[in-house]
Amino acid sequence: MMNVKINGTDKTATLSMFNDNTGVDSVVDFVGNYDALADGKFVYDDETGTYSTDQDTFDWWDKVITDNKLLEERIADLKVKHDPEAVDEVVHASADVDLEDMAAAVNKALDEGFEGSEGK
């Protein structure tokens with residue numbers, strides 16, 4: 001979990017990417033893998049144990065994290081219903097897009113690849 005202070009305000013918020021199956025919150029790794037912890041978008045304060053960023057950055061990451069968490073849950077569900085390798089093939093073939101577009105692109109490919117198989 002990332003506790004975040006929004007610069008220029010008195011607001012604090014939380015970013016989280018908790019996996020119910022593993023009990024692990026991978027949000028710091030997820031954000032870090034896209035260099036947002038190294039490029040200054042988030043600044044960590046050792047004293048308070050919080051990160052700080054501006055509202056636009058927080059909102060962007062909040063949406064990306066939410067979209068990708070929902071996508072992970074969908075992929076896990078599809079792997080129970082279908083061949084996990086087939087699901088992985090669709091995911092990998094469609095995920096080569098910008099991070100903010102990835103969940104939508106993969107969801108579209110999953111819709112096409114597994115149309116009608118999710119009770120829609």
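Provided above is the structure to which this section pertains.
Rules used in this analysis
Residues numbered from 1 in each chain as written. Predicted model: local features only at pLDDT ≥ 70, side-chain atom pairs only at ≥ 80, totals over all residues. Heavy atoms only, no water. Phe/Tyr/Trp six-rings, centres within 6.5 Å; stacked < 30°, edge-to-face > 60°. Helix = DSSP H or I, 4+ residues; strand = E, 2+ residues; numbered from the N terminus. Buried < 20%, exposed > 50% of the residue type's maximum accessible area, 1.4 Å probe, protein only. Axes fitted to C-alpha atoms, helices over the stretch in contact; angles between N-to-C directions. Parallel < 35°, antiparallel > 145°, perpendicular 65-115°, else oblique. Left-handed = near helix turned anticlockwise from the far one by under 90°. Contact = heavy atoms within 4.5 Å. Nonpolar A, V, L, I, M, F, W, Y, C, P; charged D, E, K, R; others polar.

1. Overview of the packing of aromatic side chains
Working step 1: Under the counting rule described, the total for this entry stands at 5 aromatic pairs.
Working step 2: Between F30 and W61, the ring centres sit 6.2 Å apart and the planes meet at 90 degrees, which makes this aromatic pair edge-to-face. Of this pair, F30 sits in helix α1 (residues 27–33) while W61 sits in helix α2 (residues 55–81), and the two are 31 residues apart along the sequence.
Working step 3: Classification of F30 by relative accessible area gives buried; the value is 12%.
Working step 4: Residue W61 is classed as buried on the basis of its relative accessible area of 3%.
Working step 5: Taken together, a centroid distance of 5.0 Å and an interplanar angle of 80 degrees make the contact between W60 and W61 edge-to-face.
Working step 6: Overall, W60 belongs to the partly exposed group, its relative accessible area being 35%.

2. Let's talk about unusual backbone geometry
Working step 1: For D35, which is not glycine, the phi dihedral falls at a positive 65 degrees.
Working step 2: With respect to the helices, strands and loops of the structure, D35 is situated in the loop between α1 and β5 (43–45).

3. Quick notes on the packing of α2 against helix α4 (residues 99–113)
Working step 1: Between α2 and α4, the least distance of the axes is 9 Å, while the angle of their chain directions is 25 degrees. In terms of their interaxial angle, α2 and α4 are classed as roughly parallel. Pair α2 / α4 crosses with left-handed handedness. Of the residues in α4, those in contact with W60, W61, V64, D67, N68, L71, R74, I75 and L78 of α2 are L99, E100, M102, A103, V106, N107, L110 and D111.
Working step 2: A class-by-class count of the residues in the contact of α2 with α4 yields 11 nonpolar, 2 polar and 4 charged.

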